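# Remarks on the overall topology
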Amino acid sequence: MSEATAGLRQALLEADEAAAVEETRRLLAEGTEPREILESGLAAAMSELGQRWNRGEAFLPEVVAAAEIFKKCSELVEPALLSRDEKKAGHRVVIGTVKGDLHDLGKNLVAVMMRTAGFEVHDLGKDVPAEKFVEAARDLGARIVGLSALLTTTMVEQKVVIEALQEAGLRSAVKVLVGGAPVTAQWAAEIGADGYASNATEAVEVALGLVGAGE
Ligand code: B1M
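The model shown is predicted, which means the values in this text are computed figures rather than measured ones.

Okay, the coordination of the cobalt atom of the ligand next. The protein gives the cobalt atom of the ligand a lone donor atom, His103 (NE2), placed 2.1 Å from the metal. By the element assignment, His103 lies in the loop between strand S1 (92-97) and helix H5 (105-116).

This is the structure:
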């Protein structure tokens, strides 16, 4: 975690929208790497908030407020990230948070980082049923289907989507990438996914590898 983003983390932890927006703008104006703002600033603070929630030191209204602020700030960072000339891939990706799961901040970060790498990302949103993933993968001719799950109870939906792709005869045409806080490489292997990533930067690297475009 960088010192430069400490103020942003603090603002998010305090769910102070005005301060978080101001810090984000300041960091961008100073030329801080957009990725650093997203990962070391915004994502790290949400993860710390999750730990506080686990310890009973933070409550749902704060988490909901921080999640809204996270979205606002990441939208401010997105144009800076996308304006970078790092285009490499050009493959279609369908991404979403699986059925029953409303967590989308991490999935949104993965989507924006993949766009930066030149992927054409179609974001289906959150609480996405298996048939929607199948339909989009077929209609768009996607090379990658990305499945995010944040709850231990919804991880199993990643397996349901893989099975649905298999039943639709699409399994060999697409690579399935899975992620989300409770997801592990072991789980990915167990359900027959092609790739697993623990964060957004890694998701891009794995995705490039899956389409044969890695360095
Ligand atoms: Co929820 N929640 N939540 N929550 N929430 C967790 C996940 C939890 C761990 C918190 C806790 O225990 N105290 C817990 C799950 C426990 C479990 O399953 N064992 C939990 C719970 C219980 C719940 C509710 C049931 C609470 C309730 O209602 N009583 C409820 C469920 C609603 C539902 O989904 N049906 C709920 C609701 C919410 C909010 C709506 C308030 C809010 C979500 C807002 C939103 O997303 N728009 C929320 C939040 C914010 C969290 C925590 C605090 C933070 C999640 C987050 O956004 N992190 C979370 C605690 C935690 O994770 N430690 C928690 C920041 C984000 C950038 O990281 O999402 O991990 P993350 O994404 C990372 C990586 O995981 C990875 O890259 C991302 C970027 O680095 N990644 C991928 C993610 N997707 C990927 C896909 C890939 C590759 C990598 O390839 C496709």
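Let us now look at the site of the ligand. Near the ligand lie 36 residues; those nearest to it are Asn54, Leu102, His103, Asp104 and Ser148. Note that a nitrogen atom of the ligand is positioned 2.8 Å from one of the side-chain N or O atoms of Asn54. Between Ser148 and the ligand, the recorded distance is 2.7 Å, taken from a side-chain N or O atom to a nitrogen atom. Where the shell around the ligand is concerned, the elements lending two or more residues are helix H3 (34-54), helix H4 (60-82), H5, strand S3 (144-148), strand S4 (175-179) and helix H9 (200-210).

Our next topic: helix H2 (residues 17-29). Helical geometry: 3.6 residues make up each α-helical turn, so side chains three or four residues apart lie on a common side. Along its 13 residues, H2 runs 18 Å from first to last C-alpha, staying within 8% of the 18 Å computed at 1.5 Å per residue. Along H2, the positions that sit buried rather than exposed are Ala20, Val21, Glu23, Thr24 and Leu27. Down the axis of H2, the buried set is contained in an arc of 160°. They therefore lie on one face. Residues of H2 that are exposed and point over 90 degrees away from its buried face: Ala18, Glu22, Arg25 and Ala29.

Moving on to the sheet that holds S3. Across a sheet, strands are paired by hydrogen bonds formed along the backbone, either parallel or antiparallel in direction. Taking strand neighbours across the sheet as the criterion, the 5 strands line up as S2-S1-S3-S4-S5 in an open arrangement whose pairing is parallel. Each of the sheet's edge strands pairs with one partner strand only, and the pair in question is strand S2 (120-123) and strand S5 (195-196). Where S3 and S4 come together, 5 bridges link them in parallel fashion. Opposite Ile144, over in S4, you have Lys175 as the bridge partner. The sheet contacts of H5 involve S1, S2, S3 and S4, and relative to S2 the element is tilted by about 160°.

Moving on, we come to the pairing of S4. For S4, the tally of buried residues reaches 4 of 5 residues, placing the bulk of the element in the interior. With helix H7 (residues 156-167) bridging S3 and the parallel S4, this β-α-β connection has right-handed handedness. Sheet topology note: the S4/S5 ladder contains 2 bridges and is parallel. Within the sheet, the bridge partner assigned to Leu177 lies in S5 and is Gly195. Where the polypeptide runs from S4 across helix H8 (residues 185-190) and back to S5, its parallel neighbour, the crossover connection is right-handed.

By domain assignment, the chain separates into domain 1 (6-84) and domain 2 (92-213). For domain 1 and domain 2, the distance between their C-alpha centres works out to 24 Å. Contacts between the two partners involve 11 residues from domain 1 and, on the opposite side, 12 residues from domain 2. Both faces combined, the contact of domain 1 with domain 2 buries some 1,100 Å², and carbon together with sulfur accounts for 72% of it. On the domain 1 side of the interface with domain 2, the three residues burying the most area are Arg35, Glu39 and Lys71, jointly 43% of the side's total. Our count for the contact surface shared by domain 1 and domain 2 stands at 1 salt bridge. For the salt bridge of Asp104 with Lys71, the shortest nitrogen-to-oxygen distance reads 3.0 Å. At the junction of domain 1 with domain 2, the criterion picks out 2 residue pairs in polar contact (both at pLDDT 80 or more). In terms of residues, the side of domain 1 that touches domain 2 owes the most to one element, H4, which gives 6 residues.

Rules used in this analysis
- Residues numbered from 1 in each chain as written.
- Predicted model: local features only at pLDDT ≥ 70, side-chain atom pairs only at ≥ 80, totals over all residues.
- Heavy atoms only, no water.
- Donors = N, O, S within 2.8 Å, 3.2 Å for Na, K, Ca; no water.
- Helix = DSSP H or I, 4+ residues; strand = E, 2+ residues; numbered from the N terminus.
- Near = heavy atom within 4 Å.
- Polar contact = N/O pair within 3.5 Å; in protein donor to acceptor, adjacent residues only side chain to side chain.
- Expected span 1.5 Å × (residues − 1).
- Buried < 20%, exposed > 50% of the residue type's maximum accessible area, 1.4 Å probe, protein only.
- Arc of directions from axis to C-beta.
- Pairing = 2+ DSSP bridges.
- Contact = heavy atoms within 4.5 Å.
- Axes fitted to C-alpha atoms, helices over the stretch in contact; angles between N-to-C directions.
- Right-handed = clockwise from strand over helix to strand, strands pointing away.
- Domains from an automatic or database assignment.
- Buried area = accessible area lost by both parts, 1.4 Å probe.
- Salt bridge = Lys/Arg side-chain N within 4 Å of Asp/Glu carboxyl O.

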